[in-house]
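Here is what each chain is made of, one letter per residue.
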Amino acid sequence: MIESLLLAVTRVSTMSGQMPLTNATGFFFERDNRLFLVTSRHVVLDEASNHRPDRLEIELHVDAQNIGNVIQWSMPLYGGTQPRWRQCVDSGGAVDIVAVEIHRPALPETVLLSPFTPAHLVAELDQVEVGTAVLIVGFPLGFHDNLHHLPVARQAVIASAFGIRFQGQGYFLTDARMHRGTSGAPVVARVTTERSGRGDLAWMLLGVHAARMDV
């Protein structure tokens, strides 16, 4: 049996036509029976570096008897000239998060994935304190179990006041050794109390890893 958390996360390759550009991480989120890939906004568009992919490729597990059996699933980022992603904005401004809807009826019937849902979001901000142990699950520098196509987890702790924008921006800090390729990875904390509504995915979804901060 594969842990549900590992099947919630997928490797992301950004593409321009048939040309590979960068590697990143994403995860699945389901709401109202609609399925989304969530990742960092700079994965799909980064004006500062002129990073402008036109599609993403993600890995999908399609065989419960052979977890190493995966397919590459192509996701166009534009419909004509209009972006297909939904960008995250709050009262503090833009946040480095996007969601791209996955056309669920087109997925293989045997696809294996464990999406987060609104039930996995933090209900009360005081549930998370400075120093809370968290995991960041992704593909640092592309490193992963390349036989079974599963991500790896890095340990971290919450390093700034959760629920208060660090320096007024739409993010909080974690303290961990992080690398490129982890952009878009979910930041999660283990649920130690009643987990009703979360199913087998017994984790709280706290945020999305966006970047390393060099101070």
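Quick note: structure is the one above.
As a starting point, this report considers the structure included with it. Keep in mind that this is a model prediction, so the values were computed, not measured.

Some thoughts on empty space enclosed by the protein
Logical step 1: Under the defined criterion, the tally for this structure stands at 1 cavity of 30 Å³ or more.
Logical step 2: Quantified by volume, the largest cavity comes out at close to 70 Å³.
Logical step 3: Around the largest cavity, the lining is made up of 13 residues, and of these Val9, Thr10, Glu59, Leu60 and His61 lie nearest the centre.
Logical step 4: At the level of secondary structure, the elements contributing two or more residues to the lining of the largest cavity comprise strand E1 (9–16) and strand E4 (55–61).

Quick word on the sheet that holds strand E14 (residues 203–208)
Logical step 1: On the basis of which strands lie adjacent, the open sheet formed by 5 strands has the order E12-E11-E10-E13-E14 and antiparallel pairing. Every other strand in the sheet has two partners, leaving strand E12 (174–175) and E14 as the edge strands with one partner each.
Logical step 2: Here strand E11 (residues 152–158) runs beside E12; their pairing, made up of 2 bridges, is antiparallel. Pairing of valine 157 across the sheet is with aspartate 175, part of E12.

Re the layout of surface pockets
Logical step 1: In this structure, the largest pocket spans a volume of roughly 1600 Å³.
Logical step 2: Val95, Ile97, Gly170, Gly207 and Val208 are, among the 44 residues lining the largest pocket, the residues nearest its centre.
Logical step 3: Of all elements in the fold, only strand E2 (19–31), strand E3 (34–39), strand E8 (85–90), strand E9 (93–102), E12 and E14 reach the threshold of two or more residues within the lining of the largest pocket.
Logical step 4: Ranked by the residues each element gives to the lining of the largest pocket, the list is headed by E9, at 6 residues.
Logical step 5: Looking at the lining of the largest pocket residue by residue, the classes come out as 30 nonpolar, 7 polar and 7 charged.
Logical step 6: What the second largest pocket holds in volume is close to 320 Å³.
Logical step 7: Taken together, 17 residues form the lining of the second largest pocket, with Asn23, His42, Arg180, Gly181 and Ser183 sitting closest to its centre.

A closer look at the sheet that holds E2
Logical step 1: Sheet architecture is open: 7 strands sit in the order E5-E4-E1-E2-E3-E9-E8, paired in antiparallel fashion. The sheet terminates laterally at strand E5 (70–76) and E8, the two strands that pair on one side only. Averaged over all pairs of adjacent strands, the angle between their axes in this sheet comes to 35°, without regard to strand direction.
Logical step 2: Alignment of E3 against E9, held across 5 bridges, turns out to be antiparallel. Residue pairing across strands places phenylalanine 36 opposite glutamate 101, the latter belonging to E9.

Concerning the pattern of salt bridges
Logical step 1: Considering all chains together, one arrives at 4 salt bridges under this definition.
Logical step 2: Across the pair arginine 34 and glutamate 101 runs a salt bridge, and its minimum N-O distance is 2.7 Å. Here arginine 34, found in strand E3, pairs with glutamate 101, found in strand E9; they are 67 residues apart in sequence, far enough to count as distant.
Logical step 3: Taking the relative accessible area as the measure of exposure, arginine 34 reaches 36% and is therefore partly exposed.
Logical step 4: Exposure remark for glutamate 101: the relative accessible area of 34% places this residue in the partly exposed category.

Reading the values: rules and limits
- Residues numbered from 1 in each chain as written.
- Predicted model: local features only at pLDDT ≥ 70, side-chain atom pairs only at ≥ 80, totals over all residues.
- Heavy atoms only, no water.
- 1 Å grid on protein atoms, 1.4 Å probe; cavity = no way out; pocket = protein on both sides within 12 Å on 5 of 7 lines; lining within 4 Å.
- Points joined across faces, edges and corners; volume = space filled by probe spheres on them.
- Helix = DSSP H or I, 4+ residues; strand = E, 2+ residues; numbered from the N terminus.
- Pairing = 2+ DSSP bridges.
- Nonpolar A, V, L, I, M, F, W, Y, C, P; charged D, E, K, R; others polar.
- Axes fitted to C-alpha atoms, helices over the stretch in contact; angles between N-to-C directions.
- Salt bridge = Lys/Arg side-chain N within 4 Å of Asp/Glu carboxyl O.
- Buried < 20%, exposed > 50% of the residue type's maximum accessible area, 1.4 Å probe, protein only.

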